[in-house]
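Geometric and topological summary
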Amino acid sequence: MPHDQAFVSVFDRGFMFGDGIYEVTPFYKGKPYRLEDHLDRLKYSLSQIEVELEIDLIRRTMLEAVSRAGLENSDCAVYVQITRGVAPRTHFYPQHIEPTLLLYAFPVTLEGFENKKASVLVSKDLRWHRCDIKSISLMANVRANNESHTAGLAENILLRKGYFTEGSHSSIFFVKNNTLYTHPEGPHILSGITRKAVIELCANLGIKLIEDCVHIDELVEVDEVFLTGTTTQILAVTSMFHKEEEVFSTTETGKITRALQNEFLRITRNTD
Ligand code: PMP
């Protein structure tokens, strides 16, 4: 339906509590990329908040949304949000309520990521300890991202006890001694689908990868940094600022970042 006719109750728990989860899936020229990975993560988030919804219905509706929006041949994405549903306000989960499903397709620019370079902020990770759930409660993420945005920077990279976790809406990788490092999966990061894709690409390209934390003090030994995400794809970081000081700086997209970008382009665009 037209978005201005879509209706959500003021007593929806998504509105009241941020009690819901979401997922964003990319479609390259109208074709879903790693749809089953996105649906598996959605299923995981739902299981963690104890909400039940049929995944087949979501898969079918996602594909239908792309064609109904006339985006079958366009680069686009589908946003899916599921909240616990509508009920009088109580903190505990009300029984016997229907989840609210919001789903829409929208155009996105997926071309040209390989030509961009990002300068980013580094700040403290103030999020909760269940970042593995793709929760719509994003207060800490929006505050962090706004802080980098107002400083004219592309993303805010978060530190827990001095170790990099991830960005406000992206995963992060570091190259040190020709080896790639990224934070291990667990409650302190979202299990990024693009992160997973990059890990697989490393195996194809023979790049050594270690899922281990990187401390801010190790940045002096780091040669390359890049971010990954559904719409971010693989974005080279050329400058990092922490407490007004530049803690990482390089001029060009590094060779490992470039090799991964090329392989990612080949897979998403079938360019051989
Ligand atoms: N971490 C956070 C906090 C995010 O919001 C995102 C974007 N969804 C990512 C990582 C990257 O995940 P994905 O590659 O699945 O988009």
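Counting restarts for each chain: residues are numbered from 1 in the order of the written sequence. This being a predicted model, a pLDDT of at least 70 is required before a residue's local features are given, and a value of 80 or more before pairs of side-chain atoms are given or counted; all residues contribute to the totals for chains, interfaces and linings. Processing note: side-chain calculations cover all non-hydrogen atoms of the structure and skip hydrogens and water entirely.

As recorded in an unreviewed UniProt entry, the protein chain goes by the name Aminotransferase IV, listed as coming from Antarcticibacterium arcticum. The protein chain has a UniProt comment under Cofactor (unreviewed entry) that states "pyridoxal 5'-phosphate". UniProt positions are given in the numbering used here, feature names are shortened, and annotations may be inferred rather than shown by experiment. Its UniProt record gives the protein chain a comment under Sequence similarities (unreviewed entry), which states: "Belongs to the class-IV pyridoxal-phosphate-dependent aminotransferase family."

**Notes on the packing of helix α2 (residues 35–49) against helix α3 (residues 55–68)**
Two elements in contact, α2 and α3, have axes separated by 11 Å at closest approach and are oriented at 135 degrees. Put simply, α2 runs oblique to α3. For the pair α2 and α3, the crossing hand works out as right-handed. Together, Leu 35, Glu 36, Leu 39, Leu 42, Lys 43 and Leu 46 of α2 and Ile 55, Ile 58, Arg 59, Met 62 and Leu 63 of α3 make up the contact between the two elements. Only the stretch in contact is used when a helix axis is fitted, and all axes are lines through C-alpha atoms; the angle between N-to-C directions ranges over 0 to 180 degrees. Working definition: helices are DSSP H or I runs of at least four residues, strands are E runs of at least two. Numbering for both runs from the N terminus. Roughly parallel means an angle under 35 degrees; roughly antiparallel, over 145; roughly perpendicular, 65 to 115; everything else is oblique. By the definition used in this description, the sense in which the near helix is turned from the far one sets the handedness, with an anticlockwise turn below a right angle giving left-handed and a clockwise turn giving right-handed. Should any heavy atoms of two residues lie within 4.5 Å, those residues are counted as being in contact.

**Digging into the site of the ligand**
In this text, near means that some heavy atom of the residue lies within 4 Å of the molecule or strand in question. The full set close to the ligand counts 17 residues, and Arg 41, Lys 134, Glu 166, Thr 194 and Thr 230 are the nearest of them. Side-chain polar atom of Thr 194 to an oxygen atom of the ligand: 2.6 Å apart, as the coordinates give it. Across the complex, the protein chains shield 92% of the 390 Å² of accessible surface that the ligand would expose by itself. Of the residues belonging to the shell around the ligand, the class tally is 2 nonpolar, 11 polar and 4 charged. Nitrogen and oxygen atoms within 3.5 Å of one another constitute a polar contact, given that in protein one can donate a hydrogen and the other can accept it, and given that sequence-neighbouring residues count only through two side-chain atoms. Accessible surface is estimated by sampling points in the Shrake-Rupley manner with a 1.4 Å probe; for residues, cover comes only from the protein chains shown. Only Asp, Glu, Lys and Arg are considered charged, only Ala, Val, Leu, Ile, Met, Phe, Trp, Tyr, Cys and Pro nonpolar, and every remaining residue, Gly among them, polar.

**What about the environment of Ser 148?**
The topology assignment puts Ser 148 in helix α4 (residues 139–150). Once residues within four sequence positions are removed from consideration, Ser 148 is found in contact with Leu 121, Leu 153, Glu 155 and Asn 156.

**Looking at unusual backbone geometry**
For Glu 50, which is not a glycine, the phi torsion comes out positive at approximately 60 degrees. The topology assignment puts Glu 50 in the loop between α2 and α3. With a phi angle near 50 degrees, Asn 177 is a residue other than glycine that sits in the positive phi range. Along the chain, Asn 177 turns up in the loop between β8 (171–176) and β9 (179–182). Of the residues examined, Asn 177 reaches a relative accessible area of 62% and is grouped as exposed. Buried, partly exposed and exposed residues are distinguished by accessible area as a fraction of the type maximum, computed with a 1.4 Å probe on protein chains only: under 20%, between the cut-offs, and over 50%, respectively.

**A short note on the pairing of strand β5 (residues 117–124)**
We call two strands paired when DSSP finds no fewer than two bridges between them. Where β5 and strand β12 (residues 233–242) come together, 6 bridges link them in parallel fashion. From the neighbouring strand, Lys 117 faces β12, where its bridge partner is Ala 236. Where β5 meets strand β6 (residues 155–160), 5 bridges bridge the pair, whose relative direction is parallel. The residue of β6 that forms the bridge with Lys 124 is Leu 159. If the strands point away from the viewer and the path from the first strand over the helix to the second runs clockwise, then the crossover is right-handed. Crossover handedness for the path β5 to α4 to β6: right-handed.

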